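Listed below, chain by chain, are the residues.
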Amino acid sequence: PEPKKLYPIFYRQPTEQAGPKRCTFLNKRRPSLTYSPPKKRLRLVYSNQAVLNAGQKEVGQKTCKACGMTFTLDQKGERLHEMFRDRGASVLHIGNWKKEVTLDVFPSDKARCVLVTPSSPRHQWSKARAVIELVDDELGMCESIPSSPLCKIVLYVQGKSVVGCLVALPVLEANALLFENNTSMENKSHSYCNKVAEKIVDVQCGVSRIWVDAAYRRQGIATRMLNVLRKCFLNEQALPMTSEMPKSSIAFSTPTADGQSFARSYMANEDVLVYS
């Protein structure tokens with residue numbers, strides 16, 4: 001569809017033709033017997049226009065590639081965008097905790113996976129809750145933050161910033177997503193499926209949220225977090241185990257289109273399971 005045309009709020013008035021001034025009395029015209037239709041006025045084609053074009057360089061909305069926020073291109077929208085970026089930078093900043101449970105270390109990226117549970121120290125749990133609130137704002141989720149004692153949060157820390165977050169809960173039942181068999185490989189990443197099978201499958205772990213910062217995506221961070229989760233989820237002492245939980249025991253919580261694309265890639269030949 002063609003983009004909507006924005007009409008300016010100011011119109012140029014027609015200029016009068018310059019000429020010799022005459023007497024007002026002599027310039028009066030006699031009433032004409034012929035009918036002259038009224039002049040047409042310019043009017044808006046779209047009655048639902050909510051943006052005024054007053055000569056700005058850019059008009060409408062813009063989505064930031066770094067934080068994913070969509071804001072209007074005006075002074076108020078840009079100010080809200082700066083406040084959102086500042087809030088995100090402060091929330092995602094993290095230092096070295098004394099009583100930190102490190103699940104895995106990746107020296108090549110100077111990164112590590114940190115485990116946080118409701119039984120962790122208060123400052124660690126508060127930081128994890130703040131990160132989840134930021135993730136929910138970006139994903140548009142309205143679910144409450146899990147407070148179950150069995151809840152496990154994996155933070156992917158690179159340097160002094162949290163660039164990834166995964167929230168997992170114990171789940172017993174799930175259903176498989178029904179994707180179309182004729183979907184080509186090129187359209188798999190753009191297809192979205194909202195149909196599930198009636199058959200109930202037994203699972204052990206449910207991924208409530210999985211998020212990676214937009215600037216760090218396509219680097220295998222989400223895959224690393226899921227692999228670490230499979231090693232530590234069934235361990236009560238929250239330490240990695242030698243054996244991994246099978247992929248077929250993991251379910252996702254109604255993933256988005258990007259989430260479904262990642263789940264299909266991660267599960268490979270296994271079914272993508274979802275729970276409600």
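Definitions and cut-offs
Residues numbered from 1 in each chain as written. Predicted model: local features only at pLDDT ≥ 70, side-chain atom pairs only at ≥ 80, totals over all residues. Heavy atoms only, no water. Salt bridge = Lys/Arg side-chain N within 4 Å of Asp/Glu carboxyl O. Helix = DSSP H or I, 4+ residues; strand = E, 2+ residues; numbered from the N terminus. Buried < 20%, exposed > 50% of the residue type's maximum accessible area, 1.4 Å probe, protein only. Polar contact = N/O pair within 3.5 Å; in protein donor to acceptor, adjacent residues only side chain to side chain. Core = buried A, V, L, I, M, F, W, Y, C linked by side-chain atoms within 4.5 Å. Contact = heavy atoms within 4.5 Å. Pairing = 2+ DSSP bridges. Phe/Tyr/Trp six-rings, centres within 6.5 Å; stacked < 30°, edge-to-face > 60°. Lys NZ or Arg CZ within 6 Å of the ring centre and 35° of its normal. Expected span 1.5 Å × (residues − 1).

Chemist: Go over the pattern of salt bridges with me, naming the residues and quoting the values.
Modeler: Think of it this way: side chains of opposite charge can pair up when their charged atoms draw near. Per the stated rule, a full pass over the model turns up 4 salt bridges. Between Asp109 and Arg224 there is a salt bridge, with the nearest N and O atoms lying 2.9 Å from each other. Highlighted residues: Asp109 in the loop between strand 3 (101-106) and strand 4 (111-116) and Arg224 in helix 4 (residues 221-232), separated in sequence by 115 residues. Assessed through its relative accessible area of 22%, Arg224 is described here as partly exposed.

Chemist: Could you give an account of the side chain of Arg230, with specific residues and numbers?
Modeler: Summarising the element assignment, Arg230 is placed in helix 4. Among the residues examined, Arg230 registers a relative accessible area of 10% and is labelled buried. Here the side chain of Arg230 touches Glu244 through a polar contact of 3.1 Å, side chain to side chain.

Chemist: How would you summarise the nonpolar core if you had to cite specific residues and measurements?
Modeler: If you look at the biggest cluster of nonpolar residues, it comprises 32 residues, and the most contacted ones within it are Cys113, Tyr156, Leu166, Met225, Leu229 and Phe252. Going through the elements one at a time, strand 3, strand 4, strand 5 (152-158), strand 6 (161-170), strand 9 (205-212), helix 4, strand 10 (250-252) and helix 5 (257-267) are the ones with two or more residues in this core. In terms of residues, this core owes the most to one element, helix 4, which gives 7 residues. Setting aside its immediate chain neighbours within four residues, Phe252 contacts Val207, Leu226, Ala263, Met267, Val272, Leu273, Val274 and Tyr275. The next biggest cluster of nonpolar side chains, apart from the first, holds 22 residues, and it includes Val91, Leu92, Ile153 and Leu155.

Chemist: How would you sum up the pairing of strand 4? Please name residues and give values.
Modeler: The side chains of a regular strand alternate between the sheet's two faces. Of all 6 residues making up strand 4, 6 are buried, and the element is well covered by its neighbours. The side-chain alternation of strand 4 yields two buried faces, one formed by Ala111, Cys113 and Leu115 and the other by Arg112, Val114 and Val116. Note: strand 3 against strand 4, 5 bridges, orientation antiparallel. Opposite Val105, over in strand 4, you have Arg112 as the bridge partner.

Chemist: Can you lay out the packing of aromatic side chains for me, pointing to particular residues and giving the numbers?
Modeler: Where two aromatic rings form a pair, the distance of their centres and the angle of their planes describe that pair. Overall, the coordinates contain 2 aromatic pairs when judged by the stated rule. Positioned above the aromatic ring of Phe106 is the side chain of Arg224, whose terminal nitrogen or guanidinium carbon lies 4.4 Å from the ring centre. A cation sits over an aromatic face here: Lys247 above Tyr266, 4.6 Å from the ring centre.

Chemist: How would you summarise the environment of Leu115 if you had to cite specific residues and measurements?
Modeler: For Leu115, the location among the structural elements is in strand 4. Assessed through its relative accessible area of 2%, Leu115 is described here as buried. Separated by 13 residues in sequence, Leu115 and Ala128 place their C-alpha atoms 9.6 Å apart.

Chemist: Tell me what's going on with the pairing of strand 5, and back it up with residues and numbers.
Modeler: Of all 7 residues in strand 5, 6 are buried, a share of seventy percent or more. When strand 4 meets strand 5, the two strands line up antiparallel, connected through 6 bridges. Across the sheet, Val114 pairs through a bridge with Leu155, a residue of strand 5. By the bridge criterion, 7 bridges tie strand 5 to strand 6 in an arrangement that is antiparallel. Of the residues in strand 6, the one forming a bridge with Ile153 is Val167.

Chemist: Describe helix 3 (residues 122-139), listing the residues and the values that go with them.
Modeler: In an α-helix, one turn spans 3.6 residues; hence positions three or four apart end up facing the same way. Compared with the 26 Å implied by 1.5 Å per residue over 18 residues, the 26 Å span of helix 3 between its first and last C-alpha is a close match. Buried within helix 3 we find Gln124, Trp125, Lys127, Ala128, Val131, Ile132, Leu134, Val135 and Asp136. Note on helix 3: the residue one or two positions beyond its end, Gly140, has a positive phi of about 75°.

Chemist: Break down the side chain of Gln124 for me, citing the residues and quoting the values.
Modeler: Structurally, Gln124 is set in helix 3. Setting aside residues up to four positions removed in sequence, Gln124 forms contacts with Trp97, Lys99, Glu100 and Val116.

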